[in-house]
Amino acid sequence: MKTSEEIYKSLKEKFGDSIIELNSAQPVEAFIIVNPQSIDEVCLFLKDNEEFKFDSLMCLSGVDDANGEKKTNEDGSTAIIGATLSVFYHLESIELKHKVTLKVSVNKDNPEVKSVTGVWSHADWHEREAYDLLGIKFLNHPDLRRILMPYDWEAGYPLRKDYENPEFYQGMKVPY
Amino acid sequence: MALTTENIETESGLKTEEMILNMGPQHPSTHGVLRLELKLEGEIITKVIPHIGYLHRCFEKHAEAMTYPQVIPYTDRMDYLASMYNEFGYTIGVEKLLGIEIPERVEYIRVIMGEFQRIASHLVALGTYGADIGAVTPFLFCFRDREKILSLFEMTCGARLLYNYIWVGGVSHDLHPDFIRLAKEFVVYFKPKIKELNDLLTNNRIFIERTANVGILPLDTAINYGITGPMLRASGLKWDLRKDDTYSVYNKFDFDIPVGEGTVGTVGDSWDRYYVRVLEMEQSLRILEQALDQIPEGDVSSAIPKRVKPPVGQVYSRVEGPRGELGYFIISDGSVNPFRVKVRGPSFVNLAIMDELCKGHMVADIIAILGSIDIVLGEVDR
């Protein structure tokens, strides 16, 4: 049994700057923030290391953080600067019975995260879902297609907080 | 028996080519709208690509526009064969965020409902599995017994399928005065029915021929794919969240975790997945017997908060649903609406392994494998 603090310390020693911080201020769950470009290496380490043995990925969830600052341009249009999308990884070791939560945050304009499909096959469909509903692009994913929405859905990513329904889809009226 | 594509040779030198066959979206064995794109080499499957999303309602987007209690009826409609358990998992998550204590009577009621739901859900799984393969009589027997459980639910909360019964902090109604007596009668009535099912279907030679050694799932593959529930246990791992990450009052009951043993074939084959469910029903009856005897008196609505407004924070809470690990990842931003609700549905996760299980089998085996996974499309697509 390892606590999040112990895991954070070991990761910090091994990966240095790629491990950004441990957030344990909020109730119920602490999480470790990791650099999105090295999440695959961190996960592989956590899975293979004898001390941790995180052999099971319980859940992978994409989240729109709904943050960023609203900025009005000279021509009156508004843009949001600094908005982020996040991915949470809930890991568990079946043998050692401990858990940890990892988080990565990426810029909403260019949401690219390294895929962990090579570490756990379970991540495949969850990453496709995060791509489908939030538009997070997982680099090195073997088959990044939409999964729940129609393959030809062009109106964006529904779980983003600023998503709006299109008026028509394939000539059919969408709002009913 | 599994064949590999290497076994097939074109003796006469005739030209062969890969064939693509679409199974679904309307197909009796898929239990809903699921399309399987099959790549075939003759009658041998080389690849299965599941296409899902036909029932997609974006539950997670709906949830963001609702208050916490308003989400509960939506969770009912995901896995509509195990609605009680969906509510159970969701309310546990919200209660963790709120940090409230639940009266013991409520916990007992939840466990009783959850185990009845598990039996009802397994009855559908086993019955339809038999029907898929060609045994219609067990299907009718299973549904006959499931009706009795649904009547108990109806008596408790008025609904037979989508209950909205388990609320944050409590349950909507206390038990009917006759409930305990009728529930105990059901337990006594149902025990011999499991033997009847075993005689009729489990040990039936045709059934064994169709399911033993079909779709073998090795344990390490199962863990890597995040498979949980009866499927994981059929592959030989004693892993049940009711014991291994206990919640509610499950630690007060004495019950075993059945695992697959490869009785008629190999560990982790379709028959094992079927049989683990049969054994689980017996264990659920054991839990029910104890819970119905021990249930304390008390108020069921005293802990229901007037306003559900958790502090800023997040929680991943999970329960052992009839199909496996049902997880809710809930983020609260301190308002009355959840900021994000992500559901880790066991059907969604378990379906992803279709390709791995079907490779090298015949087309007819797909029915046997899909039935043994026991998916509910309402939860796959959410």
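Along every chain, residues carry numbers that run from 1 in the direction the sequence is written. Chains carry letters and ligands carry numbers; both start at the beginning, A for chains and 1 for ligands, and go up in the order they are written. Local features in a predicted model are, by the rule used here, given only for residues with pLDDT of at least 70; side-chain atom pairs are given and counted only at 80 or more, and totals for whole chains, interfaces and linings are based on all residues.

**A word on the overall build of chain A**
- Scanning chain A from terminus to terminus reveals three helices and eleven strands.
- Secondary structure elements follow DSSP: runs of H or I of four or more residues count as helices, runs of E of two or more count as strands, with numbering from the N terminus. Its helices and strands taken in sequence order, chain A reads α-β-β-α-β-β-β-β-β-β-α-β-β-β from the N to the C terminus.
- In terms of principal-axis extent, the alpha carbons of chain A reach across some 55 × 35 × 30 Å.
- In this scheme the burial state of a residue depends on its C-beta neighbours within 10 Å: 20 or more other such atoms mean buried, 12 or fewer mean exposed, and anything in between means partly exposed; the C-beta positions come from the backbone. Out of the 176 residues belonging to chain A, those deemed buried represent 38%.
- A sequence separation of at least 24 residues applies to 51% of the contacts in chain A between residues at least 6 apart. Placing C-beta atoms from the backbone, we regard two residues as in contact once those atoms come within 7 Å.

**Things to note about the overall build of chain B**
- Looking only at helices and strands, one finds 15 helices and eight strands in chain B.
- Computed over its C-alpha atoms, the radius of gyration of chain B comes to 22 Å, within 12% of the 21 Å expected for a compact globule of 382 residues.
- The dimensions of chain B, computed from C-alpha atoms along their principal axes, are 80 × 45 × 35 Å. The quantity called the radius of gyration is restricted to C-alpha atoms. Its globule counterpart is 2.2 Å times the number of residues to the power 0.38.

**What about the interface of chain B and chain A?**
- Counting from both sides, the interface comprises 31 residues of chain B and, opposite them, 24 residues of chain A.
- Secondary-structure elements contributing two or more residues to the side of chain B that touches chain A are helix H1 (59-64), helix H3 (83-98), helix H8 (219-224), strand S6 (313-321), strand S7 (324-332), strand S8 (338-344) and helix H12 (346-351) of chain B.
- For the side of chain B that touches chain A, the element with the highest residue contribution is S6(B), accounting for five residues.

**Regarding the sheet that holds S6(B)**
Residue and element names in this part refer to chain B.
- For two strands to count as paired, DSSP must find a minimum of two bridges between them. Taken in spatial order, the three strands make up an open sheet running S6-S7-S8, and their pairing is antiparallel. What marks the edges here is a single partner per strand, and that holds for S6 and S8. Neighbour-to-neighbour, the strand axes of this sheet turn through a mean angle of 15 degrees, independent of strand direction.
- Inspection of the sheet shows S6 paired to S7 by nine bridges, in the antiparallel sense. Paired with Val319 across the bridge in S7 is Leu326. To get an axis, a line is fitted to the C-alpha atoms, and for a helix only the part in contact is used. The angle between two axes follows their N-to-C directions and goes from 0 to 180 degrees.

**A short note on unusual backbone geometry**
- Unusually for a residue other than glycine, A:Gln170 sits at a positive phi of about 55 degrees.
- In this fold, A:Gln170 is placed in the loop between strand S10 (168-169) and strand S11 (172-173).

**Structural notes on the pairing of strand S3 (residues 56-64) of chain A**
All names here are of chain A.
- Buried residues dominate S3, accounting for nine of its nine residues.
- Relative to strand S6 (residues 84-92), S3 runs antiparallel, the two sharing eight bridges. Residue pairing across strands places Val63 opposite Ser86, the latter belonging to S6.

**Digging into the sheet that holds strand S1 (residues 19-23) of chain B**
All names here are of chain B.
- Sheet architecture is open: three strands sit in the order S1-S2-S3, paired in antiparallel fashion. Here the strands that pair on one side only, and so sit at the sheet edges, are S1 and strand S3 (44-51). Each neighbouring strand pair of the sheet contributes to a mean axis angle of 25 degrees, computed without reference to strand direction.
- Taken together, the five bridges between S1 and strand S2 (residues 35-41) define a ladder with antiparallel strand orientation. Bridging across to S2, Asn22 finds its partner in Glu37.

**As for the domain arrangement of chain B**
Residues and elements named next belong to chain B.
- Domain boundaries in chain B define domain 1 (5-51) and domain 2 (61-381).
- Once you take the C-alpha centre of each, domain 1 and domain 2 turn out to be 32 Å apart.
- Across the boundary between the two partners, domain 1 contributes 16 residues, which contact 17 residues of domain 2.
- Elements that contribute at least two residues to the side of domain 1 that touches domain 2 include exactly S2 and S3.
- Among the elements that line the side of domain 1 that touches domain 2, the one with the most residues is S3, at six residues.
- Charged means Asp, Glu, Lys or Arg here, nonpolar means Ala, Val, Leu, Ile, Met, Phe, Trp, Tyr, Cys or Pro, and polar covers whatever is left, Gly included. The residue makeup of the side of domain 1 that touches domain 2, split by class, is nine nonpolar, five polar and two charged. Note that the domain bounds reflect an automated or database-derived domain assignment.

**Quick word on the environment of A:Glu95**
Residues and elements named next belong to chain A.
- You can see Glu95 is positioned in the loop between S6 and strand S7 (99-107).
- A tally of 9 C-beta atoms within 10 Å means that Glu95 is categorised as exposed.
- Sequence separation between Glu95 and Asp55 is 40 residues; the distance between their C-alpha atoms is 8.4 Å.

**Some thoughts on H3(B)**
- One less than the residue count of a helix, multiplied by 1.5 Å, gives the span that helix is expected to have. The first and last C-alpha atoms of H3(B) sit 23 Å apart over 16 residues, in line with the 22 Å expected at 1.5 Å per residue.
- Within H3(B), 16 of the 16 residues are buried, which leaves the element mostly enclosed by the surrounding structure.

**Notes on the environment of B:Arg242**
All names here are of chain B.
- Here Arg242 is to be found in helix H10 (residues 241-244).
- Each C-alpha atom, one on Arg242 and one on Ile257, is 9.5 Å from the other, the two residues being 15 residues apart in sequence.
- Among all residues touching Arg242, those that are not within four sequence positions of it are Tyr250 and Glu320.

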